[in-house]
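Residue-level listing of the chains:
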Amino acid sequence: MRIFTTLTLLFFSLLSFAQDDLLDMLEDESDANNNSEVFATWKTMRLVNIHSTEMVKKNALDFRVTHRFGNMGAESGGGGHTLYGLDNSSDIRISFDYGITEKWQIGIGRSKYKELIDLSTKYKLLAQKEKNAPLTIVAFGAVSITPQKDPDTRYSDWQNRLTYVAEVLFARKFGQRLSIELAPGIIHRNMVTQVLDGEGNTLTDENTNFTLGGGARFMITKRVGIIVDYVHTFSEFRGNYKPQNFYDPFGVGVEIETGGHVFHLTLTNAPAIIENAYLPETTDSWAKGGVKLGFNISRVFQLGKH
Amino acid sequence: MTKILLTIITLVFSITNVMYAQTYKSASSNIRFFSEAPLENIEANNEKSTGVLRTTDNMMAVVIPIKSFEFEKALMQEHFNETYMESDKYKNASFKGKINEKINWSKDGEYDATATGTMHIHGVDKEVTIKGTIVIKDGKINFESKFQISIADYKIKIPKAVITNIAEIVDVTMKMTFATK
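Thresholds, definitions, all that
- Residues numbered from 1 in each chain as written.
- Chains lettered and ligands numbered in written order.
- Predicted model: local features only at pLDDT ≥ 70, side-chain atom pairs only at ≥ 80, totals over all residues.
- Heavy atoms only, no water.
- Helix = DSSP H or I, 4+ residues; strand = E, 2+ residues; numbered from the N terminus.
- Rg over C-alpha atoms; globule rule 2.2 N^0.38 Å.
- Buried < 20%, exposed > 50% of the residue type's maximum accessible area, 1.4 Å probe, protein only.
- Contact = heavy atoms within 4.5 Å.
- Areas by Shrake-Rupley, 256 points an atom, 1.4 Å probe, with all protein chains shown as cover.
- pLDDT = per-residue confidence, 0-100.
- 1 Å grid on protein atoms, 1.4 Å probe; cavity = no way out; pocket = protein on both sides within 12 Å on 5 of 7 lines; lining within 4 Å.
- Points joined across faces, edges and corners; volume = space filled by probe spheres on them.
- Polar contact = N/O pair within 3.5 Å; in protein donor to acceptor, adjacent residues only side chain to side chain.

**Overview of the overall build of chain A**
Part 1 of the argument: Each helix and strand counted, chain A has 4 helices and 14 strands in total.
Part 2 of the argument: Over its C-alpha trace chain A gives a radius of gyration of 25 Å, far above what one expects of a compact globule, namely 19 Å for 306 residues.
Part 3 of the argument: Across its three principal directions, the C-alpha atoms of chain A cover 100 × 40 × 40 Å.
Part 4 of the argument: Every one of the 306 residues in chain A was classed for burial, and the buried ones make up 46%.
Part 5 of the argument: Taking the intrachain contacts of chain A between residues at least 6 apart in sequence as the baseline, contacts between residues at least 24 apart amount to 59%.
Part 6 of the argument: When the accessible surface of chain A is totalled, it reaches about 14800 Å², and 63% of it is carbon and sulfur.

Below is the structure:
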């Protein structure tokens, strides 16, 4: 009985004690209701080569200028006489991407590489949250067309000019500094080459390939980070065909955010900027100096209410 | 023994009940901040703040979830959270203090009032006195307060590259309504 009394009294005194600190009462409540989306997993919608899970915000327009200089190493056509590739440009791309909703964006871009025009879209399937949602998942799709002059009859069917890419991007932000992404995908080219392998056999490139990309960002300060990415294209043809070597695009760069702009300074062996071109056509190797200095500038304009 | 126990329980119950009755939670709120800078004005609104008011001893507290500030530009909102307020680390701002004037909470009236207490922003506590008005009408208590915050006081850092974009002093307007019935 005595214990009961003491407990009851204790209970009530605790209750009134808890009641006493008004701030605690509110903070507890506020934290309990708080399961907000994890934001700024990436600073911009691309890493070096691969797409990130970052989206253009609703009614915002992301204007980007991306540049890849020529190969740095002499063995791959660079060297001192081209100022280590600065005299050349492998690819230049100008693009506009627009956020239709918070979860859906569309974009258009034009590259120097094969004069490619690309249309792309991203849709956010899932957003990482503080609790119960560990990943951000985004679907990405792009189609490219080359309006190049036909050198022979390869484009007699105009559909031969088209290449499609679809990817699913899985990303997670680990604390304030580290974000990691995995990007499985598929590429389909309407037209592929047929070659002789040097031993009299005819080899045909695949129309459809699976790809697997991965990337990460590590923030050094709040505004400066290191970005890396890598993509592998699964292809039997690429393994068997000896005269021409294919390599997996590997990119590394520095990311600088200044408030209105995001700048990238990059090094990559990819010859082109968009997936439709660099996934099947990277024939430059880091080991042989096929590395290109590159940069990217992204400026976001808020055109309407978000 | 049982009698004493019952008496105590009743007593405690009635006390807590009284305390309950005189502690009010906010029914609605709006916190707005505005800063004028050479390049662009920055404005944000927050409707998700909550407050409590205890009329027995004039104590009040307000909690402001930082991520609930809405900006016109989405990117600005992201930068506000990520680089300035670090809202993953410092989720809430708060004020807890005592209203200095004697207020008759049970009668309609208007007061110019001041509150002294602790302002908590970006993990930094600062003793402040803020000015405002209290209007009691039809069972509702309305608070309105305008005050300025120097962002340097709360260790919010602005990089040199964007220093002309952001003002050092921010005007804050806080409105909160408590329903007493």
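Picking up where we left off.
**Digging into the overall build of chain B**
Part 1 of the argument: Of regular secondary structure, chain B possesses 2 helices and 10 strands.
Part 2 of the argument: For chain B, the α and β elements follow one another from N to C terminus as α-β-β-β-β-β-α-β-β-β-β-β.
Part 3 of the argument: With 181 residues in all, chain B has 49% of them scored as buried.
Part 4 of the argument: Long-range contacts, defined as pairs at least 24 residues apart, comprise 59% of the intrachain contacts of chain B with a sequence gap of at least 6.

**Re the confidence of the model for chain A**
Atom-level detail of predicted coordinates should not be read off regions where pLDDT is low.
Part 1 of the argument: Of the residues in chain A, 92% reach a pLDDT of 70 or more, and the chain-wide mean stands at 90.
Part 2 of the argument: Long-range and interchain partners of residues 15-19 of chain A, a stretch whose pLDDT sits below 50, account for 7 contacts in this model, where long-range means more than four residues apart.

**Re the layout of surface pockets**
Part 1 of the argument: The calculated volume of the largest pocket comes to roughly 1100 Å³.
Part 2 of the argument: Lining the largest pocket are 36 residues, and of these A:Ser36, A:Glu37, A:Phe39, B:Lys67 and B:Gln77 sit closest to its centre.
Part 3 of the argument: For the lining of the largest pocket, the secondary-structure elements that each account for two or more residues are α2 (22-32) of chain A together with β4 (59-65) and α2 (74-84) of chain B.
Part 4 of the argument: If one sorts the elements of the lining of the largest pocket by residue count, α2(B) sits on top with 4 residues.
Part 5 of the argument: Taken as a whole, the second largest pocket encloses approximately 840 Å³ of empty space.
Part 6 of the argument: Lining the second largest pocket are 43 residues, with B:Phe33, B:Ile42, B:Phe71, B:Phe80 and B:Tyr84 positioned closest to its centre.
Part 7 of the argument: At the level of elements, β14 (292-302) of chain A together with β1 (23-35), α2, β6 (92-99), β7 (109-121), β9 (140-150) and β10 (169-179) of chain B are the ones that each hand at least two residues to the lining of the second largest pocket.

**A word on the side chain of A:Lys43**
Residues and elements named next belong to chain A.
Part 1 of the argument: Tracing the sequence through the fold places lysine 43 in the loop between α2 and β1 (60-71).
Part 2 of the argument: Of note is the side chain of lysine 43, whose polar atom sits 3.2 Å from the backbone oxygen of lysine 222.
Part 3 of the argument: Separated by 3.1 Å, the side chains of lysine 43 and glutamate 257 make a polar contact.

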